[in-house]
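Residue-level structural notes
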Amino acid sequence: LVPGLAERLMGRIYRRFARGRPGGLDRFLVALRAQLGPVLVVAVPLTVLAFLVNYLQGWLIGKALGVPVGFLDVMGLMAITSLLTLMPISLSGLGVRELFLSLLFPFLGWPAEEGVAFGLLLFVVIILVNMVAGFSATQIAPLPFGKRAGNGDGNGDGNGDGGGATGGDANGDS
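Read on for an overview of the structure. Keep in mind that this is a model prediction, so the values were computed, not measured. (Residues numbered from 1 in each chain as written. Predicted model: local features only at pLDDT ≥ 70, side-chain atom pairs only at ≥ 80, totals over all residues. Heavy atoms only, no water.)

**Some points on helix α3 (residues 71–84)**
Rules: Numbering of helices and strands runs from the N terminus; a helix is a DSSP stretch of H or I covering at least four residues, while a strand is a stretch of E covering at least two. Under the convention used throughout, the expected extent of a helix is 1.5 Å for every residue step, that is, one less than its residue count. The criterion used for residue contact is that any of the two residues' heavy atoms lie within 4.5 Å.
Between its first and last C-alpha, α3 extends 20 Å over 14 residues, near the 20 Å set by a 1.5 Å rise per residue. Considering only its buried residues, α3 is in contact with α2 (24–65), α4 (96–104) and α5 (112–140).

Next up, the structure:
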């Protein structure tokens, strides 16, 4: 909003917590600014698309339940429930989402039971399906945790012989 306000605020916080380590905030801000252009051009449209797909799923769930809910209504409901499920009182917001919707639906003229059903179906369709897809993806193509940089022989020396500092030379001799 105000140019430099966030930077001044971050500077105060950094100076308070990072005593004895000057220059760290400047390095962070330079690296952050270098990423803003190319990364945001891809990340922002993908994020907007992901939110719209989630809202569309919520709208379709409402239609499947016979709830006469509009797309903008679903966007509002799901935005509020997303914030509420961030409270660290349950796993993935299970129960919090359903309680909120069961309390809100009667005010909108719909039965509380439909609010609970809507919340549970949101959980199943959006959260559980993504969890299963993510688990399946990591089984098909595991992330390279524990591998060192280099040629892939695991020791990081880059020569591909499998040996480290005491390994053999390029001819296989020790």
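This is not the end of the story, as more comes after the structure.
**What to know about the side chain of T85**
Put simply, the test is: Here a polar contact means two N or O atoms within 3.5 Å. Within protein one must be a hydrogen donor candidate and the other an acceptor candidate, and residues neighboring in sequence count only if both atoms are side-chain atoms.
The topology assignment puts T85 in the loop between α3 and α4. Only 2.9 Å separates the side chain of T85 from the backbone oxygen of S82, close enough to count as a polar contact. Excluding its chain neighbours within four sequence positions, the residues that come into contact with T85 are S92, G93 and R97.

**Quick notes on unusual backbone geometry**
To keep it simple, the criterion reads: In this scheme, a residue with accessible area under 20% of its type's maximum is buried, one over 50% is exposed, and one in between is partly exposed, where area comes from a 1.4 Å probe on protein chains only.
Non-glycine residue S92 carries a positive phi angle of around 55°. Structurally, S92 can be placed in the loop between α3 and α4. On the basis of relative accessible area, S92 is assigned to the partly exposed category, the value being 39%.

**Observations regarding the environment of T85**
For T85, a relative accessible area of 18% corresponds to the buried category. For the pair T85 and G95, spaced ten residues apart in sequence, the C-alpha separation works out to 8.8 Å.

**What about the nonpolar core?**
Side chains of nonpolar character tend, in soluble globular proteins, to be buried together. Condition: We call a set of buried residues a nonpolar core when its members are Ala, Val, Leu, Ile, Met, Phe, Trp, Tyr or Cys and they connect through side-chain atoms within 4.5 Å of each other.
Within the largest apolar cluster, 14 residues are counted, with the highest numbers of intra-cluster contacts made by V69, L77, M78, L101, F105, F118 and L122. Looking at this core, the elements with two or more residues in it are α2, α3, α4 and α5. In this structure F118 touches G58, I61, G62, L65, L101 and F105, once residues within four positions along its chain are discounted.

**A closer look at the layout of surface pockets**
The cut-off we apply is this: Method remark: on a 1 Å grid restricted to protein atoms, a set of points is classed as a cavity if a 1.4 Å probe fits but cannot get out and as a pocket if it is open with protein on both sides within 12 Å along at least five of seven lines; lining residues have an atom within 4 Å of a point. Grid points are joined across faces, edges and corners, and a volume is the space filled by probe spheres set on the points. Only Asp, Glu, Lys and Arg are considered charged in this grouping, and only Ala, Val, Leu, Ile, Met, Phe, Trp, Tyr, Cys and Pro are considered nonpolar; every other residue, Gly among them, is considered polar.
Each pocket or cavity is described by its volume, and for the largest pocket that value is around 240 Å³. In this structure, the largest pocket is lined by 13 residues; those nearest its centre are M78, S82, R97, I126 and I127. Within the residue set of the lining of the largest pocket, elements represented by two or more residues are α2, α3 and α5. Looking at the lining of the largest pocket element by element, the count peaks at four residues for α5. Partitioning the lining of the largest pocket into residue classes produces seven nonpolar, five polar and one charged.

**What to know about the packing of aromatic side chains**
What characterises a pair of aromatic rings is the spacing of the ring centres plus the angle enclosed by the ring planes. Inclusion rule: Classification of ring pairs rests on two measures: the distance between centres of Phe, Tyr or Trp rings, Trp counted by its six-membered ring, which must be within 6.5 Å, and the angle between planes, read as stacked under 30 degrees, edge-to-face over 60 and tilted in between.
All chains considered together, the criterion is met by three aromatic pairs. Centre to centre, the rings of F51 and Y55 are 6.1 Å apart; their planes meet at 40°, and the pair counts as tilted. Pair noted here: F51 and Y55 are both in helix α2, with a separation of four residues, about one helical turn. Assessed through its relative accessible area of 45%, F51 is described here as partly exposed. A ring pair is formed by F105 and F118, whose centres lie 5.8 Å apart and whose planes are at 35°; its orientation type is tilted. With a gap of 13 residues between them, F105 in the loop between α4 and α5 and F118 in helix α5 connect regions that are remote in the sequence. Neither F105 nor F118 differs from the other in exposure class; each is buried. Through a chain of ring-to-ring contacts, the aromatic side chains of F105, W110 and F118 assemble into a single cluster.

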